[in-house]
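Read off the chains here:
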Amino acid sequence: SPTATTAERVVLTGYMGAGKSTVGRALARELGWEFCDLDHLIETTHAATIAELFTQHGEPGFRQLETRALAAALGRHNAVIALGGGALESLTNRLLLEQKPNTLTVFLDAPFEILFDRCVLQPDAAIRPVLKDPDTAAARFKARRPQYQRAAHIIVDTEPLTPAETVARLIEEL
Ligand code: S3P
């Protein structure tokens, strides 16, 4: 797997609520690298929120926009890239990531109950269309977890770490 000396980008994956954006932003600051949030990139590219894009294009349409954004993001150097929680559902996306050289992929893991609570308690809970139904959200977590694991060079059990502690752990491991 790529090491700190060869890695040109770090990709953070994991379910909604895992801390990909929070940890990613802080890690980028520590490394002196750029931070790129895939959801944010999609929103600015299309001048619409994720929720609006789901409504306008349906989930399959959103996933196509996500694939284009991922391809663009993977072109960046010295960047920490936070994926959306569903980005690795697509085989195309998994291959894009897997075949990208010098790219270190990190899976931020935590138990489903904790992730779900974190997301539902957030003020912006309504902006995550995928979370509307807890049973579906749990089923998705179960289906996605092996994909996150397979994609990752590094797995961090973030529970009960704070985002700052997770960043410190990653700095040690990179
Ligand atoms: C999704 C996760 C979201 C966002 C979209 C769909 C998912 O990203 O891409 O709402 O399918 O899990 P976060 O994991 O950053 O919330």
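Residues numbered from 1 in each chain as written. Predicted model: local features only at pLDDT ≥ 70, side-chain atom pairs only at ≥ 80, totals over all residues.

1. Let's talk about the UniProt feature "binding site: Mg(2+)" (unreviewed entry) in the protein
Piece 1. Under the local residue numbering, the UniProt record ascribes the feature "binding site: Mg(2+)" (unreviewed entry) to Ser21.
Piece 2. With respect to the helices and strands, serine 21 occurs in helix H1 (residues 20-31).
Piece 3. With sequence-adjacent residues up to four places away left out, serine 21 is seen in contact with Asp37 and Ala82. (UniProt positions renumbered as here; feature names shortened; annotations may be inferred. Helix = DSSP H or I, 4+ residues; strand = E, 2+ residues; numbered from the N terminus. Contact = placed C-beta atoms within 7 Å.)

2. Some points on helix H6 (residues 134-151)
Piece 1. Its 18 residues place the ends of H6 25 Å apart at the C-alpha level, agreeing with the 26 Å of an ideal helix rising 1.5 Å per residue.
Piece 2. Of all the bends in H6, the largest measures some 35 degrees and sits at arginine 144, one to four residues before the proline proline 146. (Expected span 1.5 Å × (residues − 1). Bend = angle between axes of the 7 residues up to and from the residue.)

3. Quick look at the UniProt feature "binding site: ATP" (unreviewed entry) in the protein
Piece 1. When the UniProt feature table is mapped onto this chain, "binding site: ATP" (unreviewed entry) is found at Gly17, Ala18, Gly19, Lys20, Ser21, Thr22 and Arg128.
Piece 2. For alanine 18, the position within the fold is in the loop between strand E1 (9-13) and H1.
Piece 3. With 26 C-beta atoms packed within 10 Å, alanine 18 lands in the buried category.
Piece 4. Discounting chain neighbours no more than four positions away, the residues touching alanine 18 are Leu108, Ala110, Leu115 and Thr158.
Piece 5. Tracing the chain through its elements places lysine 20 in helix H1.
Piece 6. By C-beta crowding, lysine 20 is classed as buried, having 27 other C-beta atoms within 10 Å.
Piece 7. Residues in contact with lysine 20, not counting those within four places in the same chain, are Leu12, Gly14, Ala82, Leu83 and Leu108. (Buried ≥ 20, exposed ≤ 12 C-beta atoms within 10 Å, placed from the backbone.)

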